[in-house]
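Here is what each chain is made of, one letter per residue.
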Amino acid sequence: MFDRGQIDGPSLVAQIRLWAAELGFSQIGVAGVDLSSAEAGLLAWLSNGFHGDMAYMQTHGLKRARPAELVPGTASVITARLDYLPRTAPLGWQAVEFERLRQPKEGIVSTYARGRDYHKVLRARLQKLSDRIAAQVGPFGHRVFTDSAPVLEAELAARSGQGWRGKHTLVLSREAGSMFFLGEIYVDLALPESEPVAAHCGTCEACIEICPTQAIVGPYRLDARRCISYLTIEHHGPIPLEVRPLIGNRIYGCDDCQLVCPWNKYARRSALPDFDEREGLTGAHLATLFAWSEDEFLRNTEGSAIRRIGHERWLRNIAVALGNALRATGDASLKAALLARAEHPSALVREHVAWALAQHA
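Residues numbered from 1 in each chain as written. Predicted model: local features only at pLDDT ≥ 70, side-chain atom pairs only at ≥ 80, totals over all residues. Heavy atoms only, no water.

Draft legend 1. Local environment of the overall build of the chain. Along its length, the chain carries 16 helices and ten strands. Relative to its full complement of 361 residues, the chain shows a buried share of 54%. Pairs at least 24 apart in sequence give 78% of the contacts found in the chain among residues at least 6 apart. Element-wise, carbon and sulfur atoms account for 53% of the exposed surface of the chain, whose accessible area totals about 15500 Å². (Helix = DSSP H or I, 4+ residues; strand = E, 2+ residues; numbered from the N terminus. Buried < 20%, exposed > 50% of the residue type's maximum accessible area, 1.4 Å probe, protein only. Contact = heavy atoms within 4.5 Å. Areas by Shrake-Rupley, 256 points an atom, 1.4 Å probe, with all protein chains shown as cover.)

Rendered as C-alpha cells:
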C-alpha cells in the first residue's frame with residue numbers, strides 16, 4: 001500500500017493534465033464533493049416534472065448531488081472536457097448549420113452524433129487516464145462516468161473551472177464555447193480543487209429566444225418535456241402533437257441554442273478523427289433515411305450514439321420531419337415515402353405516418 005500522505009496534490013494534478021492532453025482531452029479540472037448548494041435547484045426541477053419520463057432521475061434523487069453517496073469513499077471529482085466539433089467543420093459553421101435547417105427535405109442530426117458514439121470514445125480515454133494515475137500513485141478507488149449514471153455533470157464541470165452554466169443550462173467556456181463532451185472520474189484521492197470561472201452571458205438571451213419549442217422556460221431552467229433533443233432521443237412514446245410542427249427537419253437532437261450562442265464562435269474542432277461526420281448521416285434526404293430497413297439502420301449506425309434509439313423511434317422521428325417537409329413543399333415523393341410505411345407493424349410508427357400524411361395540403 002502507498003502512503004496517501006506522500007502524494008503531492010498540485011504536482012499530481014499537473015501531471016494528470018499532461019497525460020490528459022496526450023489522450024486528446026481539451027481541459028481537466030478538479031471539483032470537491034460538497035454539492036449541497038445545488039440540491040434545492042435539483043429538487044425543484046424534479047418536482048416541476050421537467051425531467052419528463054426520465055424516471056431514473058427521480059429514482060436517484062439527491063444521489064446526483066452527493067458524489068460520496070453515489071461512490072462511497074469519493075474525495076474529489078476529476079472532470080474532463082473533450083471537444084467534438086468535426087475536424088472538417090468549415091469557417092462560419094454556425095451559419096452553415098442554420099442554412100441546412102432551412103432545407104426541409106434534409107434530415108438533420110445533432111452535430112455531436114454525426115461521428116462515433118461519444119460514450120465509447122470518452123469512457124475509453126478516461127479509463128486510460130485512470131490507469132496512468134494508478135501507475136503513478138498505486139491502486140486507488142475510482143469510477144469513470146460518461147453521461148452514464150446519476151452524476152450532476154454540469155454542476156461539477158462549472159465548479160471545477162470548465163466554464164459556467166449558460167442560460168440554456170449547458171456549460172460554456174470563453175475559449176471553447178459549448179461544443180464539447182464532459183466526463184468524470186470519481187476518485188478517493190483528496191486533490192486540490194480548481195478555481196471556478198465567472199459567468200459571461202450578461203444580458204444575452206439568444207438561446208432562450210431561438211428555442212423552437214420554448215423548452216428553455218427561463219434563464220437556467222429547461223423543461224425537457226418540450227426539448228427536441230429529449231423528444232427525439234430520450235422519449236419513448238408518441239411525440240406530442242403540439243410540438244411536431246416545431247421540430248422541422250430535426251431527426252436526432254437539436255443544436256439551435258448552441259448555434260445561436262455568440263461564444264460558439266470560439267468552439268474548437270476536435271483533435272480526434274472519432275467525431276468526423278459519418279458518410280450518409282449528413283446532408284441525407286429524409287426519404288432516403290426513412291427507407292432504411294432495420295438491418296440498414298443497424299449497419300449504418302454501428303458505433304454511433306444514434307443506434308440507441310432503435311429503428312422504431314428513428315422512423316417515428318423521420319415521419320414527423322417528413323410531415324413538416326410535406327406541408328412546406330407539397331413534394332409528392334415525400335408522400336410516397338410515407339405511404340410505403342403506412343402499414344408498418346409498429347403502432348407508434350403508423351400513428352406518426354398518418355399524422356405526417358395529414359399535413360399535405
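Don't stop here, the text continues.
Draft legend 2. Inspection of the pattern of salt bridges at higher detail. With the rule as written, the count across this model stands at 16 salt bridges. Glutamate 97 is the partner of arginine 114 in a salt bridge, and the nearest nitrogen-oxygen pair spans 2.8 Å. Taken together, the positions of arginine 114 in the loop between strand 3 (108-109) and helix 6 (118-137) and glutamate 97 in helix 5 (residues 93-101) put the pair 17 residues apart, joining distant regions of the chain. This pair shows no difference in class: arginine 114 is buried, exactly as glutamate 97 is. For arginine 244, the salt bridge goes to glutamate 351, with nearest N and O atoms at 2.9 Å. Here glutamate 351 lies in helix 16 (residues 347-357) and arginine 244 lies in helix 10 (residues 244-247), a separation of 107 residues in the sequence. (Salt bridge = Lys/Arg side-chain N within 4 Å of Asp/Glu carboxyl O.)

Draft legend 3. Main features of the environment of glutamate 195. Along the chain, the position of glutamate 195 falls in the loop between strand 7 (180-187) and helix 8 (206-210). It is 8.5 Å that separates the C-alpha atoms of glutamate 195 and glycine 29, two residues lying 166 residues apart in sequence.

Draft legend 4. Highlighting the packing of helix 14 (residues 310-329) against helix 16. Taken N-terminus to C-terminus, the directions of helix 14 and helix 16 make an angle of 5 degrees; their axes are 8 Å apart at the nearest point. When the axes of helix 14 and helix 16 are compared, the pair comes out roughly parallel. Within the contact between the two elements, helix 14 uses Glu312, Arg313, Leu315, Arg316, Ala319, Val320, Gly323, Asn324, Leu326 and Arg327 and helix 16 uses Leu348, Val349, His352, Val353, Trp355, Ala356 and Leu357. Of the residues assigned to the contact of helix 14 with helix 16, the class counts are ten nonpolar, three polar and four charged. (Axes fitted to C-alpha atoms, helices over the stretch in contact; angles between N-to-C directions. Parallel < 35°, antiparallel > 145°, perpendicular 65-115°, else oblique. Nonpolar A, V, L, I, M, F, W, Y, C, P; charged D, E, K, R; others polar.)

Draft legend 5. Summary view of the nonpolar core. Ranked by size, the top nonpolar core spans 83 residues in total, and within it Phe25, Leu129, Ile133, Tyr252 and Trp314 carry the most contacts. Excluding its chain neighbours within four sequence positions, the residues that come into contact with isoleucine 133 are Ile16, Trp19, Ile78, Gly138, Phe140 and Leu189. Grouped together as the second largest cluster of nonpolar side chains are nine residues, Val71, Phe145, Leu156 and Tyr186 included. (Core = buried A, V, L, I, M, F, W, Y, C linked by side-chain atoms within 4.5 Å.)

Draft legend 6. Focus on helix 14. Over its 20 residues, helix 14 extends 28 Å from the first C-alpha to the last, a length consistent with the 28 Å expected when each residue adds 1.5 Å. Burial of helix 14 is extensive: 15 of the 20 residues sit out of reach of the surface. (Expected span 1.5 Å × (residues − 1).)

Draft legend 7. Structural detail: the environment of arginine 102. Relative to the elements of secondary structure, arginine 102 occurs in the loop between helix 5 and strand 3. The sequence separation of arginine 102 and asparagine 249 amounts to 147 residues, and the corresponding C-alpha distance is 8.5 Å.

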